[in-house]
Amino acid sequence: MKEDNLRTALADLPLQGLRFFAQTSSTNDAALTWAADGASDLSLVVADEQTSGRGRGSRRWMTPAGVGLAFSLVLRPKPAEMGLFPHFTALGAVAVCEAVGGRGLAPQIKWPNDVLLGQKKFSGILCETSWLGDTAEYVVLGIGVNVAPGSVPPAQELNFPVTCLETESGTPLDRLSLLRDILQALIYWRSLLPSPLFVRMWDQHLAFRGQIVEIRDEHGQVLRGTLEGLESDGSLRLRPAKGNVFTVRFGEVHLHPVV
Ligand code: BTN
């Protein structure tokens, strides 16, 4: 990826700043540092290669040079967006779905933060928030996308099947045009974040609807039920084999289909 080409591809987006790294440890780390130094809303960090990309929990995210997308956007929440923090992770996933859906594929969101094709993960979202008391000062929305086969990590490193866009589509994809489309969708859907339309769009892309899934929370507790859909606040609605429907709120949770 060449910085000049990147700047040209993104020139018509209302970004307030852009930093490009041929190689960096993690674009989320670079964006968090920049945000702490005062980066404006809609400042973007892009790297061609990450050497210590981070996933949720203690997971790693691999981004070798030339084969994927790794970028992080600084967002400074507006008053109407306060209280919508689970929505920011979903915003990344919805934007990836829209851009990839525009390329003839049918992506789905594995709640809360993975994007799948054919039940295999090709994109992950890592959203990190800096709080000042009760107020969110800034959110860093980090998105990783496996584009070419070289971006897919070795199977033994994974706890979920993984793929990349080129394998699923059978054609080469232009990373810069994909990045542009994801960012454009993200900016559009952000403007609808407080609207019910946003949760509807998120719900439409939900993976495993009607299937039995298990959700493990951060304490190791496992909940099992048929995945029915999203509540209006983005919580997941599950129907257990016995007993009442219950909802799971966003958190450090892991969802798996029961096969
Ligand atoms: C996950 O699947 O657990 C989330 C993966 C998020 C990876 C992206 S790549 C760009 C940004 N920088 C990081 O270090 N992580 C995110």
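Please read all numbers here as calculations on a predicted model, not as lab measurements.

Asker: Any chance you could explain unusual backbone geometry here in plain terms?
Answerer: Trp-111 connects to Pro-112 through a cis peptide bond whose omega is 5 degrees. For Pro-112, the location among the structural elements is in the loop between strand S4 (108-110) and strand S5 (114-117). If you check the backbone angles, Gln-119 has positive phi at about 65 degrees while not being a glycine. Assignment of secondary structure puts Gln-119 in the loop between S5 and strand S6 (120-132). A positive phi is found at Phe-208, a non-glycine position, where the angle reads about 70 degrees. Its location among the elements puts Phe-208 in the loop between helix H6 (196-204) and strand S8 (212-216). We classify Phe-208 as buried; its relative accessible area is 3%.

Asker: Explanation requested: the pairing of strand S2 (residues 43-50) in the structure shown.
Answerer: The buried fraction of S2 amounts to seven of the eight residues, a majority that puts the element mostly inside the structure. Two elements, strand S1 (residues 17-24) and S2, share seven bridges in a ladder whose sense is parallel. Looking at the pairing, Leu-18 lines up with Leu-44 of S2. With respect to chirality, the unit in which S1 leads through helix H2 (residues 27-36) into the neighbouring parallel S2 is right-handed. Inspection of the sheet shows S2 paired to strand S3 (residues 68-75) by five bridges, in the antiparallel sense. Paired with Val-45 across the strands is Ser-72, a residue of S3.

Asker: How should I be thinking about the state of the cysteines in this particular structure?
Answerer: What we call a disulfide is simply a covalent bond connecting the sulfur atoms of a pair of cysteines. What the rule picks out here adds up to zero disulfides. Left without a disulfide partner, Cys-97 is nearest to the cysteine sulfur of Cys-127, which lies 16 Å away. With relative accessibility at 1%, the residue Cys-97 sits in the buried group. Cys-164 carries a free sulfur, and the closest cysteine sulfur to it, the one in Cys-97, is 17 Å from it. Owing to a relative accessible area of 0%, Cys-164 belongs among the buried residues under this scheme.

Asker: Can you walk me through the site of the ligand in this structure?
Answerer: The ligand sits among 22 residues. The nearest are Ser-26, Gln-50, Arg-54, Arg-56 and Lys-121. A distance of 3.1 Å is found between a nitrogen atom of the ligand and a side-chain nitrogen or oxygen belonging to Thr-27. Between the ligand and the protein, one listed contact pairs a nitrogen atom with a backbone N or O atom of Arg-54 at 2.7 Å. Expressed as a share of its isolated accessible area of 420 Å², the protein-covered part of the ligand is 99%. Of all the secondary-structure elements, those providing two or more residues to the shell around the ligand are H2, S3, S6 and strand S7 (135-146). In terms of residue count, the dominant contributor to the shell around the ligand is S6 (four residues). Of the residues that constitute the shell around the ligand, the class distribution is six nonpolar, 11 polar and five charged.

Asker: Can you walk me through the sheet that holds strand S9 (residues 222-230) in this structure?
Answerer: Strands belonging to one sheet form pairs held by backbone hydrogen bonds; the direction of such a pair is parallel or antiparallel. In space, the five strands of this open sheet follow the order S11-S10-S9-S8-S12, with antiparallel pairing throughout. Edge strands, defined here as strands with exactly one partner in the open sheet, are strand S11 (246-248) and strand S12 (254-257). Recorded for the sheet is a direction-independent mean angle of 45 degrees between the axes of neighbouring strands. One ladder, built from four bridges, connects S9 with strand S10 (residues 236-239); its direction is antiparallel. Counted as the bridge partner of Leu-230 is Leu-236 from S10.

Cut-off values and rules
- Residues numbered from 1 in each chain as written.
- Predicted model: local features only at pLDDT ≥ 70, side-chain atom pairs only at ≥ 80, totals over all residues.
- Heavy atoms only, no water.
- Helix = DSSP H or I, 4+ residues; strand = E, 2+ residues; numbered from the N terminus.
- Buried < 20%, exposed > 50% of the residue type's maximum accessible area, 1.4 Å probe, protein only.
- Pairing = 2+ DSSP bridges.
- Right-handed = clockwise from strand over helix to strand, strands pointing away.
- Disulfide = S-S within 2.5 Å.
- Near = heavy atom within 4 Å.
- Polar contact = N/O pair within 3.5 Å; in protein donor to acceptor, adjacent residues only side chain to side chain.
- Areas by Shrake-Rupley, 256 points an atom, 1.4 Å probe, with all protein chains shown as cover.
- Nonpolar A, V, L, I, M, F, W, Y, C, P; charged D, E, K, R; others polar.
- Axes fitted to C-alpha atoms, helices over the stretch in contact; angles between N-to-C directions.

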